[in-house]
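Structural characterization, general
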Amino acid sequence: MSIKDNPLVALIEESIRLKDSAQFILTDAVGSTSLTRLERLVLIMISESDAPMTASQVSRHVGHPRQVVQRAVNRLLELQLIDKQPNPDHKTSPLLSATNKGKEFENQLGGKLVNIVDSLLTESDLKMCQRMLKDIKKLRRIIEDFEKQQQE
């Protein structure tokens, strides 16, 4: 099977195109805010996390270098959208969590984003997205398991 015919390679390439196309929707929703896309992405990761995260953990999840994520974290701290707590496992890497102000801000932006998406997609499209999301998460777990095995 050639690279062009490999379904995983094709899915990765299409995901990159989808990400680029989806940036328009995110930019439209965020448009009037003072946050950059990366700052918004970092805020989403932190506010939706079940537990506080370090900047390194956020970095791994969003796929950007830790130093770049740290600049976004610093800005979010300045705006009091997130706060930091001591990390008992690592003295120099604090745990980050969203403040009430950060959660409220994220909810407002999330509402704008949902309104935009709802205007684009039919009920059938949304159901298709739910099925694809389930499948993509399963595929991501398979790839992450492979990555862990390679690191051992």
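Here we summarise the structure given alongside this text. Quick caveat: nothing in here was measured; it's all calculated off a predicted structure.

If you trace the backbone, leucine 121 turns up in the loop between helix 5 (100-120) and helix 6 (123-151). By relative accessible area, leucine 121 is classed as partly exposed at 29%. With 105 residues separating them in the primary sequence, leucine 121 and isoleucine 16 have C-alpha atoms 20 Å apart. Among all residues touching leucine 121, those that are not within four sequence positions of it are Leu126 and Cys129.

Here leucine 76 shows up in helix 4 (residues 66-78). On the basis of relative accessibility, which here comes to 0%, the residue leucine 76 falls in the buried class. Remark: the alpha-carbon pair of leucine 76 and aspartate 89, spanning 13 residues in sequence, is separated by 23 Å. In contact with leucine 76, not counting residues within four places along its chain, are Leu35, Glu39, Val42, Leu43, Leu81 and Ile82.

Moving on, we come to the side chain of serine 59. In this fold, serine 59 is placed in helix 3 (residues 55-62). Here the side chain of serine 59 touches arginine 66 through a polar contact of 3.2 Å, landing on its backbone nitrogen. Those residues within four positions of serine 59 in sequence are excluded, and the remaining contacts are His64, Pro65, Arg66 and Val69.

This part covers the packing of helix 3 against helix 4. Viewed as axis vectors pointing N to C, helix 3 and helix 4 meet at an angle of 115 degrees, and their least axial separation amounts to 9 Å. The angle between helix 3 and helix 4 places the two elements in the roughly perpendicular class. In the crossing of helix 3 with helix 4, the sense of the turn from one axis to the other is right-handed. Residues Ala55, Ser56, Val58, Ser59 and Val62 of helix 3 form the contact with helix 4, whose own contacting residues are Arg66, Val69, Gln70 and Val73. Residue composition of the contact of helix 3 with helix 4, by class: five nonpolar, three polar and one charged.

Now for unusual backbone geometry. We note that glutamine 80 has phi near 60 degrees; this positive angle belongs to a residue other than glycine. Its location among the elements puts glutamine 80 in the loop between helix 4 and strand 1 (82-85).

Residues of helix 3 that are buried include every one of Ala55, Val58, Ser59 and Val62, and no others. For helix 3, the arc enclosing every buried residue in end-on projection is 105 degrees, short of the 170-degree limit, so these residues lie on one face. Relative to its buried face, helix 3 has exposed residues pointing more than 90 degrees away, namely Arg60 and His61.

Criteria and thresholds
- Numbering of residues starts from 1 in every chain and runs along the sequence as written.
- Under the rules for a predicted model, residues below a pLDDT of 70 receive no local features and side-chain atom pairs below 80 are neither given nor counted, while totals for whole chains, interfaces and linings still include all residues.
- To obtain the side-chain values, all non-hydrogen atoms of the structure were used and water was disregarded.
- Where helices and strands are cited, they refer to DSSP runs of H or I of at least four residues and of E of at least two residues respectively, numbered from the N terminus.
- Each residue is placed in one exposure class: buried if its accessible area under a 1.4 Å probe, protein chains only, is under 20% of its type's maximum, exposed if it is over 50%, and partly exposed if it falls in between.
- Two residues qualify as a contact provided that any one of their heavy atoms is within 4.5 Å of a heavy atom in the partner residue.
- Under the rule applied, a polar contact is a pair of N or O atoms within 3.5 Å (in protein, one hydrogen donor and one hydrogen acceptor; residues adjacent in sequence only if both atoms are side-chain atoms).
- A fitted line through C-alpha atoms serves as each axis, taken over the contacting stretch for helices, and the angle formed by two N-to-C directions is quoted from 0 to 180°.
- The cut-offs work like this: below 35 degrees is roughly parallel, past 145 is roughly antiparallel, 65 to 115 is roughly perpendicular, and the gaps in between are oblique.
- When the near helix sits turned anticlockwise from the far one by under a right angle, the crossing is termed left-handed; a clockwise turn instead gives a right-handed crossing.
- All residues other than Ala, Val, Leu, Ile, Met, Phe, Trp, Tyr, Cys, Pro, Asp, Glu, Lys and Arg, Gly among them, are scored as polar; the first ten of these are nonpolar and the last four charged.
- This arc corresponds to the set of directions leading from the helix axis out to the C-beta atoms.

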